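# Understanding the architecture of this molecule
One-letter residues, chain by chain:
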Amino acid sequence: MKIITIVGARPQFIKAAPVSRALRQQHHEILVHTGQHYDALMSDIFFDELEIPHPDYNLAVGSASHGAQTGAMLARLEELFLSEQPDIVLVYGDTNSTLAGALAAAKLNLPVAHVEAGLRSFNRRMPEEINRLLTDHVAQWLFCPTQTAMSNLRAEGITKGISLVGDVMVDALKYNLQLAQRHSTILQQLGLVMDNYYLATIHRPVNTDEPTRLAILLNTLGKLDAPVILPIHPRTAQAIETAHLSMTNSLRLIPPVGYLDMLTLEANACRILTDSGGVQKEAYLFGVPCITLREETEWVETVNNGWNQLVGADPTALQEAVHQPRPVGTPPIIFGDGTASQQIVNILRDG
Ligand code: UD1
Ligand code: UDP
C-alpha cells in the first residue's frame, strides 16, 4: 500500500520514527514534513538522531496564525494527495499539521489513520483539543494509546476502527534508551549530578501567552532548591524576550536539546515539571515524579496512579508538589509494551 505520513512538529518526528521503521517493511511510505517546526534543534536533529528517512516533501509552511498555517498546509497537501493518490494518510497527535493532513485527506475521500487517537483534555480553549476532536471524527483507523482514550472515543459515538495499541512513544523510548546511555554527555556538559536537579519544559500557550503567568512560573522555578534545567522552546523564548522577563537563581535556560539528551535529562532528574504531553509520559515511563504545569491533562492515568500532580501555575501548589515523597515502587504499565508501531502496521495491512 502507498501510505502518506504527515509530520511537522517535534513530537511527531519522535512518534513517526518507530512507526516509519515498521511501516517500510511492508508498505511504500511517502513522508511529508509540513515545515511547521523548522529550526535545526526543533527538526533536523530528530531526523538525524532517530534515523528518520529524509522527507519526500517539505512544504515549508513555517510559522503563522492557526488559520493561516493550517490553511497553507491544507492547500499544499490537497495538491500533493491528488498527484500521489495514496491509499492511506497517516497523521499523528494533535497539532495543526495533524488537522491539515486529516482534513485534506477526508475532503478527497482518502482514508485517514490517526495515531494517538482519543486523547481529550475537555478544554476546548486548547488548539490541540480542536485538532484532535476533528481528526478523530474523520479518521477510519483510530489508534489509541490508553484505555481512557478508547472510552473517550466511545463516549463520542466513535466505535468503528478503534484499536488499543499502546503508545508509540514507548516504542521510541525503548529503541533509543541504550543509545542515549551510550552517547549522551549532557549531564557532564551541564555539570549535573544524578537525582539532584529538576528538569522543566514550558511551551503551552496557556503558560506562554500571558506574561504574568509565565513570570510567576519562572520565578517559582527559580526558587527551587536545586538547579532547574529548562530547554527552551522557541515559543517560550520569544515570550520571555517580548515580556523582558529575567531568570532567577536556580533556573538555567538551555537551547532545545535532541531526543537522546532529553531522555538522559529526564531519566536522571529528581522531578520533572512540564506542560508537555510527551514529557509527562516519558516522566512516567522513567518513574520520575511529574508536576504538570497545567490545570488538566489528557494522561489522567498518570495522575490517578500518583506519579503526576496538576498544579497549574500556582506557586504554593508547585512548591508543595516538588516536596511530596515519591510514590512507592514503579509505575504500573498503562502505555502498552512497546509494540504499538508493529500493531499499527499489522492492522493497516489487514484493512
Ligand atoms: C506546536 C503544537 C503543539 C505541540 C508543539 C510541540 C499546534 C497548534 N501546536 O506548538 O500542540 O505541543 O508544537 O512542540 O500545532 N517557532 C520557531 N521555530 C520553529 C518552530 C516554531 O521559532 O522551528 C516559533 C515561532 O515563533 C512560532 C512559535 O514558535 O510562531 C510557535 O510554533 P507553532 O508550531 O505554531 O506552535 P508550538 O507552540 O510549537
Ligand atoms: N523533547 C526533546 N527536546 C527538548 C524538549 C522535548 O527531545 O528540548 C522531546 C521530549 O522528550 C518528547 C517530545 O519532545 O519526546 C515532546 O515534545 P513537545 O514537548 O515539544 O510537545 P508535546 O508532547 O507537548 O506535544
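Structure: above.
For the structure given in this document, a descriptive report is provided here. (Residues numbered from 1 in each chain as written. Chains lettered and ligands numbered in written order. Predicted model: local features only at pLDDT ≥ 70, side-chain atom pairs only at ≥ 80, totals over all residues. Heavy atoms only, no water.)

The next thing to look at is the overall build of the protein. From N to C terminus, the protein includes 16 helices and 13 strands. For 351 residues, the compact-globule formula gives about 20 Å, and the C-alpha radius of gyration of the protein, at 19 Å, lands near that figure. On the principal axes, the C-alpha backbone points of the protein span a range of 55 × 45 × 40 Å. By the burial criterion, 57% of the 351 residues in the protein qualify as buried. When the accessible surface of the protein is totalled, it reaches about 14,500 Å², and 52% of it is carbon and sulfur. If the 25 positive side-chain charges of the protein are averaged to one point and the 36 negative ones to another, these points end up 3 Å apart. (Helix = DSSP H or I, 4+ residues; strand = E, 2+ residues; numbered from the N terminus. Rg over C-alpha atoms; globule rule 2.2 N^0.38 Å. Buried < 20%, exposed > 50% of the residue type's maximum accessible area, 1.4 Å probe, protein only. Areas by Shrake-Rupley, 256 points an atom, 1.4 Å probe, with all protein chains shown as cover. Lys, Arg positive; Asp, Glu negative; His and termini not counted. Charge placed at Lys NZ, Arg CZ, Asp CG, Glu CD.)

Now for the nonpolar core. Core analysis: the biggest nonpolar cluster contains 52 residues, and Leu-90, Phe-143, Tyr-259, Leu-265 and Leu-348 have the highest contact counts within it. If we skip the residues at most four places from it in the chain, Leu-265 touches Ile-186, Leu-187, Leu-190, Leu-192, Tyr-197, Leu-199, Ile-254 and Val-257. Ranked by size, the runner-up nonpolar core spans 34 residues in total, among them Val-32, Val-61, Leu-110 and Leu-119. (Core = buried A, V, L, I, M, F, W, Y, C linked by side-chain atoms within 4.5 Å. Contact = heavy atoms within 4.5 Å.)

Evaluation of the coordinates by the stated rule reveals 16 salt bridges. The residue Arg-120 makes a salt bridge to Glu-156 at a minimum N-O spacing of 2.7 Å. With a gap of 36 residues between them, Arg-120 in the loop between β5 (112-115) and α5 (127-138) and Glu-156 in the loop between α6 (147-155) and β7 (162-164) connect regions that are remote in the sequence. The buried category is assigned to Arg-120, whose relative accessible area is 3%. The exposure class assigned to Glu-156 is partly exposed, which follows from its relative accessible area of 27%. What you see here is one network of salt bridges that share partners, running through Asp-94, Glu-129, Arg-132, Arg-294, Glu-296 and Glu-298. (Salt bridge = Lys/Arg side-chain N within 4 Å of Asp/Glu carboxyl O.)

The next thing to look at is helix α7 (residues 168-183). Between its first and last C-alpha atoms α7 spans 22 Å; for 16 residues at 1.5 Å apiece the expected length is 22 Å, and the two agree. Taking the largest bend as the criterion, α7 deviates by roughly 40°, centred on Asn-176. Those residues of α7 lying buried are Val-168, Met-169, Val-170, Asp-171, Ala-172, Leu-173, Asn-176 and Ala-180. Residues of α7 that are buried sit in contact with α1 (10-26), β5, α12 (259-268), α13 (277-286) and α16 (340-350). (Expected span 1.5 Å × (residues − 1). Bend = angle between axes of the 7 residues up to and from the residue.)

So, about the site of ligand 1. The environment of ligand 1 is formed by 20 residues, the closest being His-37, Asn-96, Glu-128, His-203 and Arg-235. Here Gln-36 contributes a side-chain N or O atom positioned 2.9 Å from an oxygen atom of ligand 1. In the environment of ligand 1, an oxygen atom lies 3.0 Å from a nitrogen or oxygen atom belonging to the side chain of Gln-238. A total of 750 Å² of accessible area belongs to ligand 1 in isolation, and the protein chains cover 90% of it. Elements with a minimum of two residues in the shell around ligand 1: α5 and α11 (234-242). For the shell around ligand 1, the element with the most residues is α11, which contributes three residues. (Near = heavy atom within 4 Å. Polar contact = N/O pair within 3.5 Å; in protein donor to acceptor, adjacent residues only side chain to side chain.)

Bringing unusual backbone geometry into the picture now. Phi is positive for Glu-116, close to 80°, though the residue is something other than glycine. Secondary-structure assignment places Glu-116 in the loop between β5 and α5. Taking relative accessible area as the criterion, Glu-116 reaches 9% and is therefore assigned buried. We note that Asp-195 has phi near 65°; this positive angle belongs to a residue other than glycine.

Attention shifts here to the site of ligand 2. Taken together, the neighbourhood of ligand 2 is formed by 19 residues, with Arg-204, Val-257, Ser-276, Gly-278 and Glu-282 sitting nearest. Note that an oxygen atom of ligand 2 is positioned 3.4 Å from one of the side-chain N or O atoms of His-203. Residue Ser-276 places a side-chain N or O atom 2.7 Å away from an oxygen atom belonging to ligand 2. Considered on its own, ligand 2 offers 530 Å² of accessible surface; in the complex 96% of this is hidden by protein. Of all the secondary-structure elements, those providing two or more residues to the shell around ligand 2 are α1, α12 and α13.

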